[in-house]
Amino acid sequence: MSEAEILHEYSILDRSKKDPKAFGELYEKYFDRIFSFIYRQTDDEDLTADLSSQTFLTALKNVDRYEFRGVPFSAWLYKIASNEVNKHYRKKKRTQVFSIEETRVRELMEQANEGYDEEMIQRLMEFLKELPTDMLRVLELRFFEDKDFKEIAFILDITESGAKMRTYRAMDRLRKNFKLRIKYDGKE
Amino acid sequence: MGRNEIRLRRHRISSGRIAQHRNYGDIMARHERDQKIRRIARTFTYFVIILIVILMFYVVRVWERKQDKPKGTTAYVEESQGPSADSRQPTAISYGMLIN
């Protein structure tokens, strides 16, 4: 985001503190991204719609308390969305679902210069099933939402080094299991 | 950390389908409703606190009044006596008031 865009966003936030209608602009801007993020963790359209509404409602209710913490405003929305998803799974006591797009998996495999076939995909799904949930969340934010480690740490309420460690451990296990040459894109 | 369920989706969810769920009007309405409930709850809480304070004030006042008011009188009979060998024996009666 450019500096002008960032300043524009903060002016909207300032106005939203007095007038909830002003927050609508941020709602329109981020709704799709938040929806996709939540959908990837539920695979249920109606549930995703509920949780997305709840995310923006919580954000609007707490807009007075929003403070810049060195990460974009969108990271705050992702944090609220992540908490809403966690609350849902804790309440329902169900196993967390991760629903990932095949196109994105294919892109990542191609980046690793690996062939893409059904067998490899099935093995990858089995491998991902066995990873701890907190590791999957970091991977999802890193490779499907293109978040940097600072944002991931903020969203998941962990340290930046914790976010990096979880990613590198998952990548190590992937390399050993699949003998992949995973490139680290250096994006920090 | 237990096992997770991983599902592979062939297609991304389309922006058209996402747009069907977009409804800022609903968010605003819910937000205003929540604000109204919070305002009512806050007003009610203040009212209850004030009521409790008034009640406590009243109770203290009543207790203080009870402390100030005389509790009652006790009559005793005292018999005055003339000169006699036994000064303990009364010879006349007078009434005294003993105030507690």
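All residue numbers refer to positions counted from 1 along the written sequence of the respective chain. Here every chain gets a letter starting at A, and every ligand a number starting at 1, in the order they are written. It should be noted that, the model being predicted, local features are given only for residues of pLDDT at least 70 and side-chain atom pairs only at 80 or more, the latter also being counted only at that level, while totals for whole chains, interfaces and linings use all residues. Values shown for side chains rest on all heavy atoms present in the structure; no hydrogens or waters enter the calculation.

Things to note about a nonpolar patch on the surface
Line of reasoning, step 1. Candidate patch residues must exceed 30% relative accessible area and have no salt bridge, after which like charges are joined if within 9 Å and Val, Leu, Ile, Met, Phe, Trp or Tyr side chains if within 5 Å. Accessible surface area values rest on a Shrake-Rupley calculation with a 1.4 Å probe, where residue burial reflects the displayed protein chains alone. A carboxyl oxygen of Asp or Glu within 4 Å of a side-chain nitrogen of Lys or Arg is what we treat as a salt bridge. Where nonpolar side chains cluster on the molecular surface, the patch consists of B:Tyr46, B:Ile49, B:Ile50, B:Val53 and B:Ile54 and spans about 510 Å² of accessible area.
Line of reasoning, step 2. Among the secondary structure elements, B:Tyr46 is positioned in helix α2 (residues 24–68). Helix and strand definitions follow DSSP, with helices as H or I runs of at least four residues and strands as E runs of at least two, each counted in order from the N terminus.

A few points about the side chain of A:Gln41
All names here are of chain A.
Line of reasoning, step 1. Secondary-structure assignment places Gln41 in the loop between α2 (24–39) and α3 (45–61).
Line of reasoning, step 2. Throughout, exposure labels follow a simple rule: accessible area from a 1.4 Å probe, protein chains only, divided by the maximum for the residue type, with under 20% read as buried, over 50% as exposed, and the rest as partly exposed. Overall, the relative accessible area of 1% leaves Gln41 in the buried class.
Line of reasoning, step 3. By the convention used here, residues are in contact when the closest approach between their heavy atoms is within 4.5 Å. If we skip the residues at most four places from it in the chain, Gln41 touches Val85, Tyr89, Gln96, Val97, Phe98, Arg137 and Glu140.

Description of the packing of aromatic side chains
The geometry of an aromatic ring pair is captured by the separation of the ring centres together with the interplanar angle, meaning the angle of the planes.
All names here are of chain A.
Line of reasoning, step 1. Centre distance within 6.5 Å is the pairing criterion for rings of Phe, Tyr and Trp, where only the six-membered ring of Trp is used; planes under 30 degrees apart are then read as stacked, over 60 as edge-to-face, and the remainder as tilted. According to the stated counting rule, one finds 15 aromatic pairs over all chains in the structure shown.
Line of reasoning, step 2. Ring geometry for Tyr66 against Trp76: centres 5.0 Å apart, planes inclined by 55°, an arrangement best described as tilted. With a gap of 10 residues between them, Tyr66 in the loop between α3 and α4 (73–92) and Trp76 in helix α4 connect regions that are remote in the sequence. Neither Tyr66 nor Trp76 differs from the other in exposure class; each is buried.
Line of reasoning, step 3. What links up through ring pairs into an aromatic cluster is the set Tyr10, Phe23, Tyr30, Tyr66, Phe68, Phe73 and Trp76.

Some thoughts on the side chain of A:Thr167
Residues and elements named next belong to chain A.
Line of reasoning, step 1. You can see Thr167 is positioned in helix α9 (residues 160–178).
Line of reasoning, step 2. Judged by its relative accessible area of 3%, Thr167 falls in the buried class.
Line of reasoning, step 3. Apart from residues lying up to four places away in sequence, Thr167 is in contact with Val138, Leu139, Arg142, Phe143 and Phe149.

Topic: the confidence of the model for chain B
One rule of thumb: low pLDDT means the predicted coordinates there are not for detailed reading.
Residues and elements named next belong to chain B.
Line of reasoning, step 1. On average, residues of chain B score 80 in pLDDT, and 66% of them reach the 70 mark or higher.
Line of reasoning, step 2. Across chain B, the element-wise mean pLDDT spans from 48 in strand β3 (residues 94–99) up to 95 in α2.
Line of reasoning, step 3. The low-confidence segment residues 94–100 (pLDDT under 50) makes 17 contacts with residues lying over four places distant or belonging to another chain.
Line of reasoning, step 4. Across the interfaces of the predicted complex, the ipTM metric reaches 0.79, alongside a pTM of 0.78. Scored from 0 to 100, pLDDT reflects the predictor's confidence in each residue.

Brief notes about the nonpolar core
Line of reasoning, step 1. Buried residues of nine kinds, namely Ala, Val, Leu, Ile, Met, Phe, Trp, Tyr and Cys, make up a nonpolar core once their side-chain atoms join them within 4.5 Å. Counting residues in hydrophobic clusters, the biggest one holds 45 residues, and the most contacted among them are A:Phe23, A:Ile34, A:Phe56 and A:Phe73.
Line of reasoning, step 2. At the level of secondary structure, the elements contributing two or more residues to this core comprise α1 (3–18), α2, α3, α4, α7 (133–144) and α8 (149–156) of chain A together with α2 of chain B.
Line of reasoning, step 3. Those residues in contact with A:Phe23, other than ones at most four positions away along the chain, are A:Leu13, A:Ser16, A:Phe56, A:Ala59, A:Leu60, A:Val63, A:Phe73 and B:Tyr24.
Line of reasoning, step 4. Core analysis: the second largest hydrophobic core is formed by 21 residues, A:Met120, A:Ile121, A:Leu136 and A:Phe143 among them.

Describing the environment of A:Leu139
Line of reasoning, step 1. With respect to the helices and strands, A:Leu139 occurs in helix α7.
Line of reasoning, step 2. The exposure class of A:Leu139 is buried, given its relative accessible area of 9%.

Focus: the packing of α7(A) against α9(A)
Residue and element names in this part refer to chain A.
Line of reasoning, step 1. Here an axis means a line fitted to C-alpha atoms, over the contact stretch when the element is a helix, while the angle between two N-to-C directions is reported on a 0 to 180 degree scale. Look at α7 against α9: their axes get within 9 Å of each other, and the N-to-C directions meet at 95°. One element, α7, and the other, α9, form an angle in the roughly perpendicular class. Within the contact between the two elements, α7 uses Asp134, Met135, Val138, Leu139, Arg142 and Phe143 and α9 uses Ala163, Arg166, Thr167, Arg169, Ala170, Met171 and Arg173.
Line of reasoning, step 2. In the scheme used here, Gly and all other residues not listed as nonpolar or charged are polar, with Ala, Val, Leu, Ile, Met, Phe, Trp, Tyr, Cys and Pro taken as nonpolar and Asp, Glu, Lys and Arg as charged. The residue makeup of the contact of α7 with α9, split by class, is 7 nonpolar, 1 polar and 5 charged. Angles are sorted into four bins: roughly parallel if under 35 degrees, roughly antiparallel if over 145, roughly perpendicular if 65 to 115, and oblique for all others.

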